[in-house]
Amino acid sequence: MIPAAFAYRRAESVAEAIELLAEYGDEAKLLAGGHSLLPIMKFRLAAPSVVIDLGGVGGLDYIRADGDEIAIGALTRHVDLETSAELGAAVPLLRHAASVVGDCQIRHRGTIGGSVAHGDPAADLPSALMALRGTVVVEGPSGRREIPIDDFYLGFLETALGPDEVLVEVRVPRRGDRPWGFQKFRRRSIDWAIVGVAYQSEDGGGGIGLVNMGPTTLRAATAEAALRGAAAPDDVAQLADADADPIGDASATPEYRRHLARVLLARALAGGAST
Amino acid sequence: MARTVDGRPKARGEAEFVADAVEQPRLFGALLTTRTAHCRVTVDLDALRALPGVVVALDHDSVPATLYSTNPHGGSADTSVFTDIGRYPGDIVGALAARDRRSLQHALDQSAELITEQPLPAVLSLEDAFTANAEANPQYPGNVVSDLRIGADEAAAREALAACAYQHTSTTWFEPSPHGCLERLAAGAERGQDGWRVWSPSQCPALVRDLLADMFAADVRLEPVFVGGGFGGKEELTLEPAAMLLSAAAGGTRVLLESSRRQMTAAHRARHGGYIRVSTGYDRDGIFGARLVDVVFEAGPYDGHSSTVAANAANAAARLYPRGTVTARSRAMATNRLPGGAFRGYGSIQATFAVETHVDEIAARLGLDRFEIRRRNLARAGDVDPATGLPMHDIDAIGCLDQLARTARTVIATRASGEPSEGLDGWGISMLVSTSAAAGADKPDHAEVACRLEPGSGTVIVETSVAEAGQGIYPLLNRIAANALGLDRDRVLVEHDVRAGSPNDPGMFGSRGANVTGSAVLRASMALRREVLARGARLLAVAPDVVELDAEWTVIRDGQHEVKVSELDPIRVCAEYATTDPGLAFGAQLAQVRCDPRTGAVRVQRVVAVHDAGVVLDEDGARAQVEGAVVQGIGAALSERATFRPDGSIAESGFVNHLVPTAVGLPAVSVSFLPAAASTGSTTGAKGIGEAAIMGIAAAIGNAVGSALGVRARELPITGERVLRLLENTTRDASRSDDERVAAS
């Protein structure tokens, strides 16, 4: 439970963080809330030689309207998403997903940027971004670029974020009072999801994100196509796992995960929000 | 306030557990363990010793040739401190110590390549154990560690069974489960001029002290420590001798040897896996005429507690309904997988699940009320205890059942609120029987305690070799002593003393604290009070029966003259208590559940527990024991397990996947005790509650799932996936498929 040795650097600005990343390359990891990085360092699943702490970077904790979108600063904590009336009115799916992350302590430390950049398929927020067709904004030495969430996840704990880039913002379209659903199945309270499903209605169809149904957060593309074809909800739900390749582990067999995805999608389509 | 002797230091992080108590400077030690199930092992000690910071590396060659039992109460001597034959994945083949934790971690990272394992044929399931194509441990031919019987002759029982109008047989299966203590096992050792100092988190420190003194032929003093959860997992002697060997090899230097969380989860000890088969013959009124119980538990390669846990499971299964012809067989079978060990309930969680789900199945066949079938068959005072052959006494099983029926009436009638809002509700009940002493006719349970008065401060100190593990024994002993002495509770301190020659109490196990240790404390307290009066009388030159002590214990008077207590010489008295009576304690528990038939998820909404705790000495403490046990029982019922991989290793690695229930989402628990309970006849009159309270939870939950979904869960834990499989295949409903005449099987 002791992490491997590492050097600690504290960035005071995004620019400084980028400079430090340029200096240390992929030897470095960025530290935000620390609730994903520190445990995997303790388990020695990660052993960065340098940890760059973003705790001193100001101006990255915000939720603000920007045209048809809501822009959220990367260092915004889950608890701020959970308690934001503005987010609740504009993107209730995301607010709800933030309210079921981990436990109270985790939601007070963890950040949306950390959760999204970490790339854990068991994380809740990325599935909501998938359902919302959100965008990730990253900043590097050559400036900012926007990455659609569909292009962001490359593999297990692997993202399109370059070694010298910092995730600075998450953008999601306003969905107002359109139907949505979020379902999270756990074997024990406050655990990670064994399987989760996020659903957001949109013009002519809807977006569906899957938690823990493969090496990355996944889009249930086949089910979405059926939605666009106006298939009945139960028929759509039967396609929840069509694009997934879930693993079997001590918590669930692949077959059980597939079954859960179908049941949970049916509930999410019916507007169910699990706690 | 003395009310929570351990609460304040624990809440403030000031309580010293082994890893805190072993003073700096110290060497840091860790175990070297195997990966394969069964193998011949060689350790490259020279390479390990050459690693930076490593001070000592030891393997089998450093160990005395004699084998010992990790069960401090005595078991088969089948274990070497470091083995050269690894007999399960994670078996202990050596240990090393380094100057600091970082060097230790570095050395451990290298060690996998420095331990060579040559595979041997392995026993990787109970089926393998029975076919005996391989031997898990040559000490156990045919892989049989134990094969014991209690009650009637088996042929007579089969005959009686066949003579009954109806028969029912059911088999329940159990996955093993580790203890999940917050404090990992650790041990410290240092050799000084006057012998050894050892730091041990053992639940049985006095026994460990004496065993280590024997093993090392030296004086051993155990240092006082808190224990961060035991639950039976700290009833095994594993790390202490290894720490002493490391220290000896380093010239007596102080060493702290710690286990890892992975070792505690996947390689230490577990609640036993295995199966229990129950057959009952009964008539149309549901009266049992004959019962056969067959317990088969997986021991792993060493005996440890396994033979006694299996035997205790048979005892519990037989005792609940002892009427008619009852027989029970228990077997512990050797395999090359995670060893079973002592775990709160000591086989009774499994036995109760087996028997009580079976009874519900019979009730369902007959269309009998679930309370009524139990009422007709439960043990009554005077019934012969199949385990001891003696009449049961001072028991009130039916009183527990009736009180549960009254308390539960409203629970059963109302639908619980809360998450999930949808689903199918059900409720189930379970009876249970526990003991209040680790006693048998040929093996009395025995406790010694000392009480001393420090006249200057007016404080009374209770000296015990029992450790506080969070079970609340110190607040309880404090209360017993304060009441007997007539002193305010903060004038009484409980002191952990495990030096050689200190009062000998074997420790925390068998739900014996309130009954056995408590009775010794009560006797010592009364003796101390008598001695104070006698000393005062002597100084006043009057007879002891004419003096009295004021309420504050400041002066002793004879009406005319007085002596100040502060002027007395220090007084220390010892007392003991011994009993051969197991002190049977019945209870009845109910669980209400909500099941999600689409995901298989089971959520416990409410638990009602009624216990015969004899004389309740500390209602808050007893209630807390029950509440904690309910939580642990829910874990046993629904989520906690060690999952075997095909190679015999365990998939779970720590609290991320060993799913101990968390504080969020726990049910309301209602606890009550029989108001006019019969005492055990011991000095305190208290009965055991610590284990009783966990025994029926899984069975009640299993029966509740049965009533909610109409399928019988026959395997623990009842995971969502299992429930779903049962629902998908209701044709395999076991309560029907076992409907054959047992005599034919």
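Please read these numbers as outputs of a predicted model, since none were measured by experiment.

## Side note on the interface of chain A and chain B
Contact residues are listed per partner, giving 23 residues for chain A and 28 residues for chain B. With both chains or domains summed, chain A and chain B bury close to 2100 Å², and 54% of this area falls on carbon and sulfur atoms. Interface area lost by chain A to chain B is led by R187(A), R188(A) and A250(A), which between them contribute 30%. R267(A) is paired through a salt bridge with D596(B); the nearest N and O atoms lie 2.6 Å apart. At the junction of chain A with chain B, the criterion picks out ten residue pairs in polar contact (both at pLDDT 80 or more).

## Some words on the environment of D618(B)
All names here are of chain B. Mapped onto the elements of the fold, D618 is located in the loop between strand 27 (602-611) and helix 16 (619-639). Sequence separation between D618 and R479 is 139 residues, and the spatial gap between their C-alpha atoms is 7.8 Å. When sequence neighbours within four positions are dropped, the list of residues in contact with D618 reads L476 and R479.

## With respect to the confidence of the model for chain B
Residues and elements named next belong to chain B. In the predicted model, chain B carries a mean pLDDT of 93, and 96% of its residues have values of at least 70. Scored below 50 in pLDDT, residues 731-745 makes 29 contacts in the model with residues more than four places away or belonging to other chains. Quick note on the complex model: pTM equals 0.94, ipTM equals 0.88.

## Quick word on the packing of helix 16 of chain B against helix 18 (residues 697-709) of chain B
Residue and element names in this part refer to chain B. Two elements in contact, helix 16 and helix 18, have axes separated by 8 Å at closest approach and are oriented at 55°. Comparing their axes, helix 18 and helix 16 come out oblique. When you trace helix 16 past helix 18, the crossing you get is right-handed. Across the interface between the two elements, A629, V630, G633, I634, A637 and L638 of helix 16 pack against I697, A698 and I701 of helix 18. Residues of the contact of helix 16 with helix 18, tallied by class, amount to eight nonpolar, one polar and no charged.

## Comments concerning the sheet that holds strand 2 (residues 39-43) of chain B
Strand order in the open sheet formed by three strands is 4-2-6 (chain B), with antiparallel pairing between adjacent strands. Of all the strands in the sheet, just strand 4 (85-86) and strand 6 (115-119) of chain B have a single pairing partner and so form its edges.

## Structural notes on the domain arrangement of chain A
Residue and element names in this part refer to chain A. In terms of domain boundaries, chain A breaks down into domain 1 (7-53), domain 2 (63-173) and domain 3 (180-269). Listed by partner, the interface residues are 26 residues for domain 2 and 26 residues for domain 3. A combined buried area of about 2000 Å² lies between domain 2 and domain 3, and 59% of that area is made up of carbon and sulfur atoms. It is L93, P121 and R133 that lose the most area in domain 2 upon contact with domain 3, and together they represent 27% of the buried surface on that side. On the surface where domain 2 and domain 3 come into contact, there are four salt bridges. Between R219 and D150 there is a salt bridge, with its nearest N and O atoms 2.7 Å apart. Between domain 2 and domain 3 we count eight residue pairs in polar contact (both at pLDDT 80 or more) in total. Contributions of two or more residues to the side of domain 2 that touches domain 3 are made by helix 5 (92-99), helix 8 (125-132), helix 9 (149-152) and strand 8 (153-155). For the side of domain 2 that touches domain 3, the leading source of residues is helix 8, giving six residues. Partitioned by chemical class, the residues of the side of domain 2 that touches domain 3 number 17 nonpolar, four polar and five charged.

## A few points about the side chain of E463(B)
Residues and elements named next belong to chain B. Inspection of the secondary structure puts E463 in strand 20 (residues 459-464). When its relative accessible area of 3% is taken as the criterion, E463 is described as buried. A polar atom in the side chain of E463 sits 2.7 Å from the side chain of R452. Non-local contacts of E463, meaning those with residues more than four positions away in its chain, are made with V449, A450, R452, E495, D497, P503 and R572.

## Some thoughts on helix 10 (residues 221-228) of chain A
All names here are of chain A. Of the residues making up helix 10, those classed as buried are A223, E224, A226 and L227. Relative to the axis of helix 10, the buried residues are bounded by an arc of 160° and lie together on one face. Looking one or two places after helix 10, you find A230, whose phi comes out positive at around 60°.

## Here's the deal with the pairing of strand 17 (residues 325-333) of chain B
All names here are of chain B. Most of strand 17 sits inside the fold, with seven of its nine residues counted as buried. Relative to strand 17, strand 7 (residues 144-151) runs antiparallel, the two being bridged by seven bridges. Bridge pairing in strand 17 places I150 opposite A328. Here strand 16 (residues 288-298) pairs with strand 17 via nine bridges, running parallel. What sits directly across from D294, in strand 17, is R329. Running through helix 10 (residues 306-320), the crossover from strand 16 to the neighbouring parallel element strand 17 is right-handed.

## Notes on the pattern of salt bridges
Side chains bearing opposite charge may pair, as long as their charged atoms lie close to each other. All names here are of chain B. All told, the structure shown has 64 salt bridges over all chains when counted by the stated rule. The salt bridge partner of R374 is E356, with a shortest N-O separation of 2.6 Å. Linking R374 in helix 12 (residues 370-377) with E356 in helix 11 (residues 348-366), this pair joins segments that are 18 residues apart in sequence. This pair shows no difference in class: R374 is buried, exactly as E356 is. Linked through salt bridges whose partners overlap, the residues forming this network are E356, D360, E361, R370, R374, R712 and R714.

## Side note on the pairing of strand 21 (residues 492-496) of chain B
In the case of a regular strand, side chains alternate between the two sheet surfaces. Burial of strand 21 of chain B is one-sided: the residues V492(B), V494(B) and H496(B) facing one way are buried, the residues L493(B) and E495(B) facing the other way are not. With helix 14 (residues 473-485) of chain B bridging strand 20 of chain B and its parallel neighbour strand 21 of chain B, the resulting β-α-β unit is right-handed.

Calculation rules
Residues numbered from 1 in each chain as written. Chains lettered and ligands numbered in written order. Predicted model: local features only at pLDDT ≥ 70, side-chain atom pairs only at ≥ 80, totals over all residues. Heavy atoms only, no water. Contact = heavy atoms within 4.5 Å. Buried area = accessible area lost by both parts, 1.4 Å probe. Salt bridge = Lys/Arg side-chain N within 4 Å of Asp/Glu carboxyl O. Polar contact = N/O pair within 3.5 Å; in protein donor to acceptor, adjacent residues only side chain to side chain. Helix = DSSP H or I, 4+ residues; strand = E, 2+ residues; numbered from the N terminus. pLDDT = per-residue confidence, 0-100. Axes fitted to C-alpha atoms, helices over the stretch in contact; angles between N-to-C directions. Parallel < 35°, antiparallel > 145°, perpendicular 65-115°, else oblique. Left-handed = near helix turned anticlockwise from the far one by under 90°. Nonpolar A, V, L, I, M, F, W, Y, C, P; charged D, E, K, R; others polar. Pairing = 2+ DSSP bridges. Domains from an automatic or database assignment. Buried < 20%, exposed > 50% of the residue type's maximum accessible area, 1.4 Å probe, protein only. Arc of directions from axis to C-beta. Right-handed = clockwise from strand over helix to strand, strands pointing away.

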